[in-house]
Structure formats: C-alpha cells, structure tokens
There are 2 protein chains.
Amino acid sequence: MTLTPVSSWASFGGTLSVHDHESAVTGTTMRFAVYSPPQAKKGPVPVLWYLSGLTCTWANVMEKSGLQRTASEHGIMIIAPDTSPRGPDVPDDDAYDLGQGAGFYLTATEAPWDKHYRMDQYITRELNALVAANFPADMKRQGIFGHSMGGHGALTLHFKYPDTYRSCSAFSPITSPSRVPWGEKAFTAYIGPPSIAWEQYDATELVQTRQTDAHILIDTGKADQFLETQLKPDIFIDACETSGQALTYRMHEGYGHDYYFIATFMSDHIAHHAKALKA
Amino acid sequence: MTLTPVSSWASFGGTLSVHDHESAVTGTTMRFAVYSPPQAKKGPVPVLWYLSGLTCTWANVMEKSGLQRTASEHGIMIIAPDTSPRGPDVPDDDAYDLGQGAGFYLTATEAPWDKHYRMDQYITRELNALVAANFPADMKRQGIFGHSMGGHGALTLHFKYPDTYRSCSAFSPITSPSRVPWGEKAFTAYIGPPSIAWEQYDATELVQTRQTDAHILIDTGKADQFLETQLKPDIFIDACETSGQALTYRMHEGYGHDYYFIATFMSDHIAHHAKALKA
C-alpha cells in the first residue's frame, strides 16, 4: 500500500504529516494524520490513536487540541484517522449524525452503507498495518482515545482488542449508543433494527463481559449540551462498577462538548497513556 | 458602548468569550475575543494584545495556538481583535492581502478605504477603552504581540505607544512593509504613493528614532514560504543594532508560517511578556 503525502509541518520538535491512501477495506481514498514526536527520529515510540467525533476529520484534533506539546514531551506518536469513508460515490445523508463524518467505528451491514462503511476494520487492520510499515511505531505499545462518537469508538475497540490497544481514555464519550438517539439512529441505519448485533458495538454491553486490566480515564463537561440526552455517564459508570472495570470518570464544572474543553485536559490524557504504555 | 455576547467557553480554568460591539471608529460592528485567566476572577490582571495576520479573525489564534494554557499559568488576559472592519457595506478586494481581513493596523487616507479602515485607532483607543471598562484588566500592564501582518502591527504600535504596550514580541513578522510586495501594495492602496506617511507605519523606519527600553522577542521559521520575499529579517535586525533596540531574533529550522509553528513557541512568548509585565 502506498502513502501519498498531502501536507507536513514542523511542530514541537516533531512532525505533523497528512497522508492519503487507497483503502481496500472502505473502497475509497482515505486520509489520516500522524504526529511524530522528536523521539521518533531515534527509534520506535508508543502509538496513541485518537478517534474524532461527528463531522470531524484528522484536522480538528491536530489543529485545536494542542496534543503535540505533551506528545513531544512523552515521546508518543499520535494517529488521527478520519471519521468515515468520504467521496462523491460514498453514500451520505443530509444529517450531520449519519453518513459521511459519522462512521461510528463499526462495519455496516445494511444497504447502502454496507459497501464502504467499515471503519472498525479499517482502523484495527488496514491502517494499523500501514502505520506499522511506514512509521517508527512500537506496535506492542498502543493506546486509544477519542471524543464523543470517537470516545465511544475508543472504548469499544479497547474492549474488543485489549491486546492491541492496551490503554484507553475518552473525552465526553457516548457510552451506551443502544440507549440514546445518536446511537439508535446510526445503529438502525448501519446494522439494522435492535438485535444481538448491537451489543458488540455498545461499550456498556461490552464492559459487562469484556472488562480489561486497563484503568480507563474519562473526562466530561458538566455544561456539555449533550450530557443528559446522548452521553449519560451513569449507565456506563454503573456497568463498570458491576463488572469490576477500573474507571476514573471526572465531571468538570462549566465545560462544554468543544475542543477548548479537550485542550484543557489533553495533557492529562496523554500522561495517562504514557504511564500505562511506559512511554 | 455596549458589548453583545456572541460565545463563551470554559478553558484552562478561565473563560474565552467573544463579543460584538458597534464601533464609532470603523463605523461597523466589530468582533473580538478575550481569554480571561482564572486569576482574573480575583482582580485585575495584565493584558496582552494579539494581532493576527492576513485573512484571520479572533478565531485563528484562540483555536489553534494553545495560548490559554500558558496564559492561565501566568495569569494574563489575552485580547484578539479582528484584522479589519468587515461587512457587506465595507470596501473589499478579491485578493487575500487587501481589504477585509487585511487592515494592516493603520488609518487609511485613500478612497474607498478611508471611510472604515482605521484599525490602529480602533485598537489603541476604542477597543482599549472597551476592555478597560468591561474586563478585570490592569491597563497599566499591557503588552502586544502578533503574527505576520499582525507581528508588524505589534511592532509599530509598541514603538508608537511604548507607555501603553510595554512589552512586545512577534511571530514571523513583516518588519519593513515599505520594502516588500505585501506592504507596498497595502500602503499604496490605503495611504497613497510612497511618501513620508509610509514611515509612520513601517517598523524598520520607526525603530530608528523610536527605540524603546523593551527587549523585543521575534521567532521566525527558516522554512517560512514568505521569509525571503515578505519578511526579510535582516533589514530589521540591522536597524535594531544601529539604533540600540534590544532584540532577540530566533530562526527555527524546519518551521513554516503556520499556527503549528506559533503553537510551538507560544509559551515562550507569553512567558516573555509575563516577565516584562511582572505577571
């Protein structure tokens, strides 16, 4: 698989680069970004995957979160995939929460989405192999985190592939998509009416049988406009208590669902992963 | 003068807020942003003005530079004005380097620009008074910095109003607009053919007779695409040496003209101002 360079910038002694490649999994051209810290010039470094929320691309977190500063301190590489396949031939929806920009990190089985929407396979297999082959990444030390829809993606991929993604954290995640409007809409469209298939993509369901040895960190703002309707922290907190999943869930007075919130706590999250991955 | 709230976000323990107001100086509605650090809840704090470059608004620096982190550590308020008057009734030009988004921090005397384009008066008088009246700002401790066109704006306003803007720094500034295409084009349009009037808006001319007691910090990337054609550091460095202006001008291998560069060195700049303003 060939990477086509799109852009590159020096940043905090390292390099932020953006790449295109033809994806066999999604059947589209996919774009992602990599922040390589200065330590990567000397040898492989741990890898932290950031999964973005609805409507986002690689750019939101790389432009707005300030992650390069702490990643350069700890010597961690950060990968930011897109949130869905894109292009004029890819099915889409006028709503911001379905179709392009709203892949929900799952494999769609319903038409018309089933042809291209396979973001979980894309990230865990194809992009994983691409990163391993093209960057100085220590693939034995990978963590995963994300925001909102991507925070949920990080939780589910951690629970399903704990040996790959050894550490996990999230900002303002959806935690139980089966029980909230965003999730119900996306799951129904992508994988059909409620069924046992929903459980494999629902973090609250997964943690009940797939709890891990990791200590999960979650931060959410108390002024988050989606807190009560879409995020519903208590459901997940209760499930973690029941299953014995180690979890620190912090609620922050005054903060919203935005990147100013994420930037404020980004250092804590990268330090959390650095500690777990011994970066 | 009344401020109309536009947006507000919690950020690093402080608040980022955006405001509109009717400007008597520009004859338009003007928008600006304020980052108030947590220390401002207890009393007045020093104020640092950030002047943006071509095409920018308040948003670029507030979204992309990560300044809130260091401003919250040092307890400094940051004000980000717009780069020009705007609106359907304000003269504009199709080029990115003239008209809306390209005010060059001067008072235009040529038609059609002379009716609204008065960004130096707007910032030094009107917005200064608005900030003093509406925020916990210690107006005896003000500094100024900026990027590119705004880096030049910061230098010129510091030289012309050293008792107001006591500290000064810049990222990738134009330093001698009279001698580079961006400046020649804008000055000709806004203030007419080359004349003695150009000198009052040219940092290299100003420093020859208005050197200050401040120690100026400038950072520029060696990979900046505008370095040789528009920025020309040597002209300003020579002028500072001749006039005895204290200057640290750092050149950085690999860095460009972008906000990834600015973010990398933002902490150094805020610390520079904090030290000068005893924040």
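Procedures and definitions
- Residues numbered from 1 in each chain as written.
- Chains lettered and ligands numbered in written order.
- Predicted model: local features only at pLDDT ≥ 70, side-chain atom pairs only at ≥ 80, totals over all residues.
- Heavy atoms only, no water.
- UniProt positions renumbered as here; feature names shortened; annotations may be inferred.
- Least-squares fit on C-alpha atoms with pLDDT ≥ 70 in both.
- Contact = heavy atoms within 4.5 Å.
- Phe/Tyr/Trp six-rings, centres within 6.5 Å; stacked < 30°, edge-to-face > 60°.
- Helix = DSSP H or I, 4+ residues; strand = E, 2+ residues; numbered from the N terminus.
- Buried < 20%, exposed > 50% of the residue type's maximum accessible area, 1.4 Å probe, protein only.

- Where an unreviewed UniProt entry is consulted, chain A appears under the name S-formylglutathione hydrolase, with the organism given as Hyphomonas oceanitis SCH89.
- Of the comments in the UniProt record for chain A, the one headed Sequence similarities (unreviewed entry) reads "Belongs to the esterase D family."
- We quote the UniProt Catalytic activity (unreviewed entry) comment for chain A here in full: "S-formylglutathione + H2O = formate + glutathione + H(+)".

A word on the relation of the copies chain A and chain B
- When chain A is fitted to chain B, the best match, at an RMSD of 0.0 Å, comes from turning it 180° and sliding it 0.0 Å along the axis. The two molecules are tied by a two-fold rotation axis, judged by turn and shift. Within chain A, Lys64 of chain A has its C-alpha nearest the rotation axis, a separation of 2.5 Å.
- Take the interface residues of chain A: 100% of them recur as interface residues in chain B, which is what a same-surface contact looks like.

Topic: the packing of aromatic side chains
- This structure, assessed with the given rule, holds 32 aromatic pairs over all chains.
- Ring geometry for Tyr255 of chain B versus Phe265 of chain B: centroids 5.4 Å apart, planes at 70°, classification edge-to-face. Pair noted here: Tyr255 of chain B is in the loop between strand 9 (247–252) and helix 10 (259–276) and Phe265 of chain B is in helix 10, with a separation of 10 residues, a long-range link. Both residues of the pair, Tyr255 of chain B and Phe265 of chain B, count as buried.
- Of the aromatic side chains, those joined through ring pairs into one cluster are Tyr50, Phe145, Phe171, Tyr255, Phe261 and Phe265 of chain A.

A few points about the UniProt feature "active site" (unreviewed entry) in chain A
Residues and elements named next belong to chain A.
- Under the present numbering, the feature "active site" (unreviewed entry) in UniProt falls on Ser148, Asp224 and His257. In sequence the annotated residues extend across 110 residues, while in space they remain close, none of their C-alpha pairs exceeding 10.8 Å.
- In this structure, Asp224 sits in the loop between strand 8 (216–221) and helix 8 (227–231).
- Here Asp224 is in contact with Ser172, Leu231, Tyr255, Gly256 and His257, once residues within four sequence places are set aside.
- For His257, the location among the structural elements is in the loop between strand 9 (247–252) and helix 10 (259–276).
- Among the residues examined, His257 registers a relative accessible area of 13% and is labelled buried.
- Leave out the neighbours within four places in its chain, and His257 touches His147, Ser148, Ser172, Trp182, Asp224, Phe226 and Leu231.

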